[in-house]
Amino acid sequence: MGISPVDRGRHTRDPEGLAATLQSGCEGGPMAEGAVEAPAESGGGGDPGTIEPERGVASIKLQYLTTKEHFHEFLEAKGQEKPSQETEAGDPAGNDLDEPEAKRIRLEDWQTEDRQTEEAVEPGEQPQAQKRARGQNKCRPHVKPTHYDKNRLCPSLVQESTAKCFYGDRCRFLHDVGRYLETKPADLGPHCVLFETFGRCPYGVTCRFAGAHLGPEGQNLVKEGLVQAPPIRNGLDKVLQQQLRKRKIHFKHAEQALRQLSKGQLPGPTPKATVPEVMEAEGAPGQDNCDAQQAPQGPGTVPPPRGPLRTCGPLTDEDVVRLQPCEKKRLDISGKLYLAPLTTCGNLPFRRVCKRFGADVTCGEMAVCINLLQGQTSEWALLKRHPCEDVFGVQLEGAFPDTMTKCAELLNRTIEVDFVDINVGCPIDLVYKKGGGCALMNRSAKFQQIVRGMNQVLDVPLTVKLRTGIHEHMNLAHRLLPELRDWGAALVTLHGRSREQRYTKLADWRYIEQCVTAASPMPLFGNGDILSYEDANRAMQTGVAGIMIARGALLKPWLFTEIKEQRHWDISSSERLDILRDFAHYGLEHWGSDTQGVEKTRRFLLEWLSFLCRYVPVGLLERLPQRINERPPYYLGRDYLETLMASQKAADWIRISEMLLGPVPPNFVFLPKHKANAYK
């Protein structure tokens, strides 16, 4: 299939618009199937085969370019699926099979109305422009994984506990292993990652790869030379969760700092520790029973004789003397590569992948302070830390000084981090309209109380991430940076965009350079549009202390290696698949190898694939490096897998996930969070 004259004129300077389509195989030679070659002679006087650059489109070598129709036909043919023969759209009626049924009906209604409008126009009148079907797809299907609770085995049997089920006959889970195995879906593969890595799979018969470690009688096998799984730090203790839900914790030092701030006083040192105190005799979180409070005694009871005080360890003065701001451990990460806190995609398995490629500093996903104070398990999961993350921080989002300061005091003693970051850059309406994220830049009084209060109750450095401002051409960061330095922030990261512009324009690194002087001597990190080592070098020339990488790591996590080795890595499709396989293995270790864990791993993998498809291999580029704001045109890669990874269809992302995690369950639907419509 050839390409249209519009596409021919777009990519060549041939005045006649002539081009030939070569029918060589995608894997058989340097010319991809369906690619376009410029004629040997050109009558326009220009160089033959010269690429005419198009704004916003990556410059790819001419022999790899193709059309949208031929791109998808090639993937369907090579994927051993039935190719569309009725029409180019794949449906006899000309409908797009990837559109949901509800949306397709709505589109047909709009098209019918447009045709009726055209017929109603009298001769000589100017017809009105047709309305495009755009906006939110509110008819998209929402399928929640409710099937996880059907025929689910009791956790007491999964954990091989010797004690009986606590709920007895009232338990809503199955206690018959044989009945469970009859309804359990087939295994997804012959090898279990947990069993091969650690010698034992804790999920037993519920593992979707259970055939690798189940004995003839269904017992869970244990391999010799058992390796202890590395502990994941910063988990939520059940006792602490119960106290948070019942509001049993008293934040003494946060309240003291807030009282001083409300009176206009700067919070000073407190005489005692910042350990959240429990209001009842239930034992403070993270302490042994020897520190538990005694029950209140009545007036008629005789107090027991006091014996020698029992301690839980070496005696220190940490609970008596508070650290002064000048005594805090300094955050020395100048010149290091900082992986940004990425919502949804910046999970623990992804951070492990980036650490393997050279990321120096990592940070957890944005956590809402109110949800943490309520003891929500899903929110506390964002704080988990893998042992490979040597320099790790968490990011908090909130709009009010009381909740942010109390949350800082809570985390100060319950988790292990190297720094705590305040999110002042989130642009989404859900956060902004409540006064959090970017809105704090216009609420300087509340912003000051948040920074001063959190800095007072924390024993680790406090950092801030913010944008240039809220509205375009109205920068605020240069005025806030000196104040943040005086309020006690140890480091600030500046994203070179405003909330209003989002990603419509490039990051303003000239303004970041001006802010470096305003923030001095406080270190300032820069963030925005870094996708190659050249971009990183230009960013460091502005005088920033370091760079934060966000979308660039999603498009190519090996970017950290490229920056440290100062080279372009023409990574092959098989190497990229190995990276995805490592992510899948890390996901199964983190979320589990049962049905729920496998599908959670798959969904986070698909979210990441929705970014990875925008990467263009180095060997295909006409001009290096690829710019982060350039979308790739349709092209056929050097092999089938490279072409499949370039697809922007969710169905092809699911096909890649099936290579790593087995087939998807029936009625599986995936809708990327960062795209309005996954079906186009």
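Remember, it's a predicted structure, so these values are computed and weren't measured experimentally. Starting from 1, residues in each chain are numbered consecutively following that chain's sequence as written. Only residues with pLDDT of at least 70 are given local features in this predicted model, and only at 80 or more are side-chain atom pairs given and counted; all residues enter the totals for whole chains, interfaces and linings. Only hydrogens and water are set aside; all other atoms, that is, all heavy atoms of the structure, feed into the side-chain values.

**A closer look at the packing of helix α15 (residues 477-487) against helix α16 (residues 509-519)**
This is how it is decided: All axes here are fitted lines through C-alpha atoms, helices being fitted over the stretch that makes contact, and every angle between N-to-C directions spans 0 to 180 degrees. Secondary structure elements are defined from DSSP: runs of H or I of at least 4 residues count as helices, runs of E of at least 2 residues count as strands, and each element is numbered from the N terminus. Note on terminology: angles under 35 degrees are roughly parallel, angles over 145 are roughly antiparallel, angles of 65 to 115 are roughly perpendicular, and the others are oblique. Crossing handedness: left-handed means the near helix sits turned counterclockwise from the far one by under a right angle, and right-handed means the same turn made clockwise. By definition in these notes, contact holds between two residues if any of their heavy atoms fall within 4.5 Å.
Remark: α15 packs on α16, axes separated minimally by 9 Å, with the N-to-C direction vectors making an angle of 30°. Between α15 and α16, the angle falls in the class roughly parallel. The hand of the α15/α16 crossing is right-handed. Where α15 abuts α16, its residues Ala477, His478, Leu481, Pro482 and Arg485 lie against Tyr511, Cys515, Ala518 and Ala519.

**Description of the packing of aromatic side chains**
This is how the line gets drawn: Ring geometry is summarised as follows: Phe, Tyr and Trp rings, the Trp one being its six-membered ring, pair when their centres sit within 6.5 Å, and such pairs are stacked at plane angles under 30 degrees, edge-to-face over 60 and tilted between the two. Think of it in three bands: residues with accessible area under 20% of the maximum for their type are buried, residues over 50% are exposed, and the middle band is partly exposed, with areas taken using a 1.4 Å probe on protein chains only. Put simply, a charge is over a ring when the Lys NZ or the Arg CZ is close to the ring centre, within 6 Å, and near the line of the ring normal, within 35 degrees.
Scanning the model with the defined rule gives 11 aromatic pairs in all. Ring plane angle 75° and centroid distance 6.3 Å describe the contact between Trp653 and Phe670, whose orientation is recorded as edge-to-face. Here the residue Trp653 occupies a position in helix α23 (residues 650-661), and Phe670 occupies one in the segment after α23, the gap between them amounting to 17 residues. Pair check on accessibility: Trp653 and Phe670 agree, each one buried. If you follow Arg356 out to its NZ or CZ, it ends over the ring of Phe357, 4.9 Å from the centre.

**Quick word on unusual backbone geometry**
Backbone torsion omega between Ser520 and Pro521 reads 5°, so that peptide bond is classified as cis. The peptide bond linking Leu624 to Pro625 adopts the cis configuration, its omega dihedral lying at -5°. Structurally, Pro625 can be placed in the loop between α21 (595-612) and α22 (640-645). Of note in the backbone geometry, Asn234 takes a positive phi value of approximately 70° without being a glycine. Looking at Asn234, the relative accessible area reads 6%, which means it is buried.

**Remarks on the environment of Tyr338**
With respect to the helices, strands and loops of the structure, Tyr338 is situated in strand β5 (residues 337-339). Judged by its relative accessible area of 1%, Tyr338 falls in the buried class. For the pair Tyr338 and Cys363, spaced 25 residues apart in the sequence, the C-alpha separation amounts to 8.3 Å. Ignoring sequence-local partners within four residues, the contact set of Tyr338 consists of Val361, Cys363, Phe419, Thr493, Phe525, Ile547, Met548 and Ile549.

**With respect to the UniProt feature "zinc finger region: C3H1-type" (unreviewed entry) in the protein**
Cut-off, in case you're wondering: UniProt positions are given in the numbering used here, feature names are shortened, and annotations may be inferred rather than shown by experiment.
This chain's UniProt record puts "zinc finger region: C3H1-type" (unreviewed entry) on residues 148-178 and 191-216. With 23% helix and 0% strand, residues 191-216 has its two end C-alpha atoms placed 17 Å apart.

**As for the confidence of the model for the protein**
Rule in force here: Every residue gets a pLDDT, meaning the predictor's confidence in that residue, from 0 to 100.
In the predicted model, the protein carries a mean pLDDT of 79, and the fraction of residues at 70 or more is 71%. Every residue in residues 1-51 is under pLDDT 50, and counting partners more than four places away or in other chains gives 97 contacts. Confidence drops under a pLDDT of 50 for residues 269-307, and excluding neighbours within four residues, the segment shows 66 contacts in the predicted structure.

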